[in-house]
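Structural overview
If you want the building blocks of each chain, they are given just below.
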Amino acid sequence: MPLRKPRPGPQSGAAQPRTVPSGESGRRFPGFDVFDQADTWDGATRAVVTGRLTLPPDLRFFTLAEEATASALFDRLLAQDGPPGAPKVPILQMVDSRLAEGQTDGWHHRDMPEDGDAWRRSLRGLDVEAAERYWTDSFAGLTPERQDELIEGVRVTAHGTPGKEWHGMPVGHLWDLWMRYACTAFYAHPWAWNEIGFAGPAYPRGHSRLGVGLREPWEHPDEAPEDPAAPGGAEGRSR
């Protein structure tokens, strides 16, 4: 197996002001930065949150071929498709760390393999689909538009006939696996919090303004509350 080169860590270190993930303009909560609240967290909480800005170690679970396919899949699922060099939540590394350390959800559907095996099978399935439909070596080698076509096919089938098998696994449960891991990683990262206006842990400060439509003094209003995925929405898609 080819040796992995050490990964550069452009996202490591201190928080960057107003950083939001690639593909998102930050238009919804302009001026909001979760790290403005860091002084209100206790030391342990602050260490956990700021630690998420440091890239996880080199990949330990995914092979080189799986890495390319998984990276492309996560980028399309989460719309982290901004220009090269734009900030990106390191979903690939976060999921890889979970799988390498066996940090699953503690359960899996009985008609599905263990999570790690299910991930390997599904990534191999995407490569097979890419080869059969587009005559290319891998899913990662497809254009973003063709990657979206394959993913959308899985999503539509998962919602329409969830029990149908996709490369030996029920497609509904496979889609659930992809989205659980991708969204859990994405929304654990403080850059995603900037995107959605989440002010981070409330401990030990707590909340005092409880009720629909009420905001704490440190919370920012949503400047673009419309659903971008709704018919006629500004973006026509969402994560």
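Each chain carries its own residue numbering, running from 1 in the direction its sequence is written. Totals for whole chains, interfaces and linings use every residue, but because this is a predicted model, local features are given only for residues with pLDDT of at least 70 and side-chain atom pairs only at 80 or more, for both listing and counting. Each side-chain value is worked out from all heavy atoms of the structure, with water and hydrogens disregarded.

**Digging into the packing of aromatic side chains**
To pair, rings of Phe, Tyr and Trp, with the six-membered ring standing in for Trp, must have centres within 6.5 Å; the planes then decide the type, stacked if under 30 degrees apart, edge-to-face if over 60, and tilted in the middle. As enumerated under the stated definition, the model contains eight aromatic pairs in all. Plain terms: the ring middles of Trp119 and Tyr181 are 5.8 Å apart, the flat faces sit at 80° to each other, and that makes the pair edge-to-face. Linking Trp119 in helix α4 (residues 115-134) with Tyr181 in helix α6 (residues 171-186), this pair joins segments that are 62 residues apart in sequence. Across the pair, exposure class does not vary: Trp119 and Tyr181 are buried alike. In textbook terms, an aromatic cluster arises when at least three aromatic residues are bridged by ring pairs, as seen for Phe74, Trp119 and Tyr181. Strands here are runs of E lasting at least two residues and helices are runs of H or I lasting at least four, both read from the DSSP assignment and numbered beginning at the N terminus. Note on exposure labels: buried denotes an accessible area under 20% of the residue type's maximum, exposed denotes more than 50%, and partly exposed covers the range between, all computed with a 1.4 Å probe on protein chains only.

**Structural notes on helix α5 (residues 144-160)**
For α5, spanning 17 residues, the distance from its first C-alpha to its last is 24 Å, which sits close to the expected 24 Å at 1.5 Å a residue. Buried within α5 are the following residues: Gln147, Leu150, Ile151, Val154 and Ala158. One side of α5 holds all its buried residues, which, seen down the axis, span an arc of 90°. Away from the buried face of α5 by more than 90 degrees, exposed residues Glu145, His159 and Gly160 are located. One less than the number of residues in a helix, times 1.5 Å, gives the span that helix is expected to have. The directions considered for the arc run from the helix axis to the C-beta atoms.

**Details of the packing of helix α3 (residues 91-100) against α6**
Axis lines are fitted through C-alpha atoms, for helices just across the contact stretch, and the angle between N-to-C directions can take any value from 0 to 180 degrees. One can describe the packing of α3 onto α6 by two numbers: an axis separation of 9 Å at closest approach and a directional angle of 115°. Viewed along their axes, α3 and α6 adopt a mutual orientation that is roughly perpendicular. By crossing handedness, the relation of α3 to α6 is classed as right-handed. On the side of α3, the interface is formed by Ile91, Met94, Val95, Arg98 and Leu99, while α6 contributes Tyr181, Ala182, Thr184, Ala185 and Phe186. Throughout this description, any angle smaller than 35 degrees is read as roughly parallel, any larger than 145 degrees as roughly antiparallel, any in the 65 to 115 degree range as roughly perpendicular, and the remainder as oblique. The hand of a helix crossing depends on one turn: near helix anticlockwise from the far one by less than a right angle means left-handed, and clockwise means right-handed. Contacts are assigned to residue pairs with any non-hydrogen atoms lying within 4.5 Å of each other.

**Overview of the pattern of salt bridges**
We define a salt bridge as a side-chain nitrogen of Lys or Arg found within 4 Å of a carboxyl oxygen belonging to Asp or Glu. Counted according to the given criterion, the structure contains eleven salt bridges. Measuring nitrogen to oxygen at the nearest pair gives 2.7 Å for the salt bridge that ties Asp176 to Arg180. In this pair, Asp176 and Arg180 are both assigned in helix α6, four residues apart and thus about one turn of the helix distant. Connected through salt bridges with shared partners, the residues Arg98, Asp105, Asp176 and Arg180 form a single ionic network.

**A few points about the side chain of Thr69**
Looking at the element boundaries, Thr69 is found in helix α2 (residues 64-77). When sequence neighbours within four positions are dropped, the list of residues in contact with Thr69 reads Leu123, Leu126, Asp127, Phe139 and Ala140.

**Concerning a nonpolar patch on the surface**
A grouping of Tyr187, Ile196 and Phe198 is seen on the molecular surface, where their side chains present a nonpolar patch of about 240 Å² in accessible area. Positionally, Ile196 belongs in helix α7 (residues 190-196). Judged by relative accessible area, Ile196 falls into the partly exposed class, the value being 33%. Note on patches: the residues involved have over 30% relative accessible area and no salt bridge, like charges join within 9 Å, and the nonpolar side chains Val, Leu, Ile, Met, Phe, Trp and Tyr join within 5 Å. In these tables, accessible area is a Shrake-Rupley quantity obtained with a 1.4 Å probe, and a residue counts as shielded only by the protein chains included in the view.

**Here we look at the nonpolar core**
Generally speaking, nonpolar side chains in soluble globular proteins are found buried as a group. For our purposes a nonpolar core is just a set of buried Ala, Val, Leu, Ile, Met, Phe, Trp, Tyr and Cys residues, chained together by side-chain atoms within 4.5 Å. Among the nonpolar cores identified, the biggest contains 53 residues, and Phe62, Leu73, Leu77, Trp119, Phe139 and Trp178 are the most heavily contacted of them. Counting residues per element, the ones that place at least two in this core are α2, α3, α4, α5, α6 and α7. With ten residues, α6 is the largest single contributor of residues to this core.

**Describing the environment of Glu129**
Of note, Glu129 is situated in helix α4. Judged by relative accessible area, Glu129 falls into the buried class, the value being 18%. Separated by ten residues in sequence, Glu129 and Phe139 have C-alpha atoms that sit 7.7 Å apart. In this structure, Glu129 is in contact with Tyr134, Leu150, Trp166 and His167, ignoring residues within four places of it in sequence.

**Observations regarding the packing of α2 against α6**
At their nearest, the axes of α2 and α6 sit 11 Å apart, and the two run at 80° to each other. Taken together, the axes of α2 and α6 lie roughly perpendicular to each other. Touching Leu73, Phe74 and Leu77 of α2 are Trp175, Trp178, Met179 and Ala182, all from α6. In this count, Pro and Cys sit with the nonpolar residues alongside Ala, Val, Leu, Ile, Met, Phe, Trp and Tyr, while Asp, Glu, Lys and Arg are called charged and the others, Gly among them, polar. Its residues assigned to classes, the contact of α2 with α6 comprises seven nonpolar, no polar and no charged.

**Side note on α2**
For α2, which comprises 14 residues, the first-to-last C-alpha distance of 20 Å matches the rise-based estimate of 20 Å (1.5 Å per residue) to within 8%. With respect to burial, α2 is a largely interior element, ten of its 14 residues being buried. On the buried face of α2, the contacting elements are α3, α4, α5 and α6.

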